[in-house]
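# Residue-level structural notes
For reference, the chains in residue letters:
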Amino acid sequence: QVQLVESGGGLVQAGGSLRLSCAASGYTFGYYAMGWFRQAPGKEREFVAAINWSGSSTNYADSVKGRFTMSRDNAKKTVYLQMNSLKPEDTAVYFCAASAIDGALKGVKEYNYWGQGTQVTVTL
């Protein structure tokens, strides 16, 4: 059974940092591309960052470029999202997702499996 478990969310002041983790189990992690998405109240789920199988290619939403960094450790079956210079508009539930298609994918529909999400709240 595929399982993705996010952790690392919390409450932080604007300008602060958080590191999200997503631990995977139940499938061959190294053959799945991974992505981070977020969803704020009343809004659609949106792309944040993605990374391909090997970790050699990444993709970021324009709103987080230069502030967020996604990485993966295939030996630990874990992906990370380092979030720096956080802004109140980054407040959302953050989800990790896995795709059987290789590539740093932006589309929600390209992902097969999703975690339950972790809340990130950024205050002024």
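Data block above holds the structure.
Residues numbered from 1 in each chain as written. Predicted model: local features only at pLDDT ≥ 70, side-chain atom pairs only at ≥ 80, totals over all residues. Heavy atoms only, no water.

Bringing the overall build of the protein chain into the picture now. Each helix and strand in the protein chain was counted, giving zero helices and eleven strands. Ordered by position in the sequence, the α and β elements of the protein chain form the string β-β-β-β-β-β-β-β-β-β-β. The C-alpha radius of gyration of the protein chain comes to 13 Å, within 12% of the 14 Å expected for a compact globule of 124 residues. Viewed in the frame of its principal axes, the protein chain has a C-alpha envelope of about 40 × 25 × 25 Å. Scored against the burial criterion, the 124 residues of the protein chain give a buried share of 44%. (Helix = DSSP H or I, 4+ residues; strand = E, 2+ residues; numbered from the N terminus. Rg over C-alpha atoms; globule rule 2.2 N^0.38 Å. Buried < 20%, exposed > 50% of the residue type's maximum accessible area, 1.4 Å probe, protein only.)

What follows is about unusual backbone geometry. With a phi close to 55°, Lys 77 is a non-glycine residue in the positive phi region. Taking the relative accessible area as the measure of exposure, Lys 77 reaches 36% and is therefore partly exposed. At Ser 85, a residue that is not glycine, the phi angle is positive and equals roughly 50°. Its location among the elements puts Ser 85 in the loop between strand 8 (78-83) and strand 9 (92-99).

Strands sit in the order 1-3-8-7 across an open sheet of four strands; the sheet is antiparallel. The outermost strands of the open sheet, each flanked by one partner alone, are strand 1 (3-7) and strand 7 (68-73). Neighbour-to-neighbour, the strand axes of the sheet open up by a mean angle of 15°, direction not taken into account. Pairing between strand 1 and strand 3 (residues 18-25): five bridges, direction antiparallel. Bridging across to strand 3, Glu 6 finds its partner in Cys 22. (Pairing = 2+ DSSP bridges. Axes fitted to C-alpha atoms, helices over the stretch in contact; angles between N-to-C directions.)

The values are spatial; any link to function lies outside them.
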